[in-house]
Structure formats: structure tokens, C-alpha cells
Amino acid sequence: MRTIAVDIDEVLARFNHALARLHNEQYGTNHTEHDYRTDQWSEVWGVDNDEVERRFAKFLEANIHATLEPIQDALSVLTALKTRFNLEVVTVRREATVD
């Protein structure tokens, strides 16, 4: 059986929505998930990369992943795919968060 790799962020779960919500709560911004069309958060937040890493570490400490909402219909699509494919869930992490 063939294997399909499925990303978590913005494929299975609304990571950008959670990130925008947490950033708004912590820093008084008014971002939406649509502001995160780039992974260069320094451009979105108007800060340098060191500050981006500091803020993201704070979000990880707040357990941002526990607040992720599923993408609509993701479960039904995965359920259909698993009848014909092996599924592997993958994701990319910022270098600073990898041990």
C-alpha cells in the first residue's frame, strides 16, 4: 500500500488561527489567520528574529497545540484515504524548538 504524508498545520489543524489568537491576547494585536501567509513571522509581527523565537517559545509553553481546532472535513478525508493508503502525519518545526 502506498503512503501519503499529511501535514498538521493548516492541513489537519488551524495553527495560524491559534497563533493569531494567542499573539493578539499576549501583545494586543489584531491579527487573523490570514495575516500568516508567510512563515517569516518577523514580517508579520514587526520584530527581529530573536524576538520571534522568544515569543514562539512562550506560545509553546502555553501549550498552543492543545488549542488547535481541526480543519473542516479533515477527519472525513483522512478516513476515506486510509482505506487506500498508509497515512503518516508530519510537521515542520522551527529550528530553535528541535532537540
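Residues numbered from 1 in each chain as written. Predicted model: local features only at pLDDT ≥ 70, side-chain atom pairs only at ≥ 80, totals over all residues. Heavy atoms only, no water.

Engineer: I would appreciate a short explanation of the overall build of the chain in the present structure.
Structural biologist: Helix and strand counts for the chain stand at 4 helices and 2 strands. Overall, the chain shows an N-to-C arrangement of helices and strands of β-α-α-α-α-β. Counting only C-alpha atoms and orienting by the principal axes, one finds that the chain spans roughly 45 × 30 × 20 Å. Only carbon and sulfur atoms are counted for the fraction: they give 49% of the accessible area of the chain, which is about 6,700 Å². (Helix = DSSP H or I, 4+ residues; strand = E, 2+ residues; numbered from the N terminus. Areas by Shrake-Rupley, 256 points an atom, 1.4 Å probe, with all protein chains shown as cover.)

Engineer: Can you walk me through unusual backbone geometry in this structure?
Structural biologist: Backbone phi values are negative for most residues with the exception of glycine, while trans is the configuration of most peptide bonds. Even without glycine at this site, E10 takes up a positive phi of about 70°. Judged by its relative accessible area of 32%, E10 falls in the partly exposed class. One non-glycine residue, N63, lies in the positive phi region at around 60°. Note on placement: N63 falls in the loop between α3 (49–61) and α4 (74–81). For N63, a relative accessible area of 44% gives the class partly exposed. (Buried < 20%, exposed > 50% of the residue type's maximum accessible area, 1.4 Å probe, protein only.)

Engineer: In this structure, what is going on with the pattern of salt bridges? I would like to understand it.
Structural biologist: Side chains bearing opposite charge may pair, as long as their charged atoms lie close to each other. This structure, assessed with the given rule, holds 5 salt bridges. Notably, a salt bridge pairs E51 with R54, separated by 2.7 Å at the nearest N-O pair. Here E51 pairs with R54, and both are found in helix α3, just 3 residues apart, close to one helical turn. In this structure, the salt-bridge partner of E51 is R55, at a minimum N-O distance of 2.8 Å. With a gap of 4 residues between them, E51 and R55 both fall in helix α3, about one helical turn apart. You'll find E51 and R55 in the same group, each marked buried. Residues joined by salt bridges that share partners form a network here, namely R14, E33 and E69. (Salt bridge = Lys/Arg side-chain N within 4 Å of Asp/Glu carboxyl O.)

Engineer: I tried to follow the nonpolar core on my own but got confused; where do I start?
Structural biologist: Within soluble globular proteins, side chains that are nonpolar generally end up buried alongside one another. Grouped together as the largest cluster of nonpolar side chains are 16 residues, with contacts concentrated most on F15, L19, Y36, W41, W45, F59 and I64. Ranked by the residues each element gives to this core, the list is headed by helix α1 (residues 15–27), at 5 residues. If we skip the residues at most four places from it in the chain, F59 touches L19, L22, H23, Q26, Y27, W45 and I64. (Core = buried A, V, L, I, M, F, W, Y, C linked by side-chain atoms within 4.5 Å. Contact = heavy atoms within 4.5 Å.)

Engineer: Please clarify how the side chain of N24 should be interpreted in this entry.
Structural biologist: Within the secondary structure, N24 sits in helix α1. Note on N24: relative accessible area 19%, which makes it buried. Within the structure, the side chain of N24 is placed 2.8 Å from the backbone nitrogen of H31, a separation counted as a polar contact. Ignoring sequence-local partners within four residues, the contact set of N24 consists of T29, N30 and H31. (Polar contact = N/O pair within 3.5 Å; in protein donor to acceptor, adjacent residues only side chain to side chain.)

Engineer: Looking at this structure, I do not really get the environment of I71. What am I missing?
Structural biologist: Note on placement: I71 falls in the loop between α3 and α4. Between the alpha carbons of I71 and A13 there is a distance of 5.0 Å; along the sequence they are 58 residues apart. Not counting residues up to four positions away in its chain, the partners in contact with I71 are E10, V11, L12, A13 and R14.

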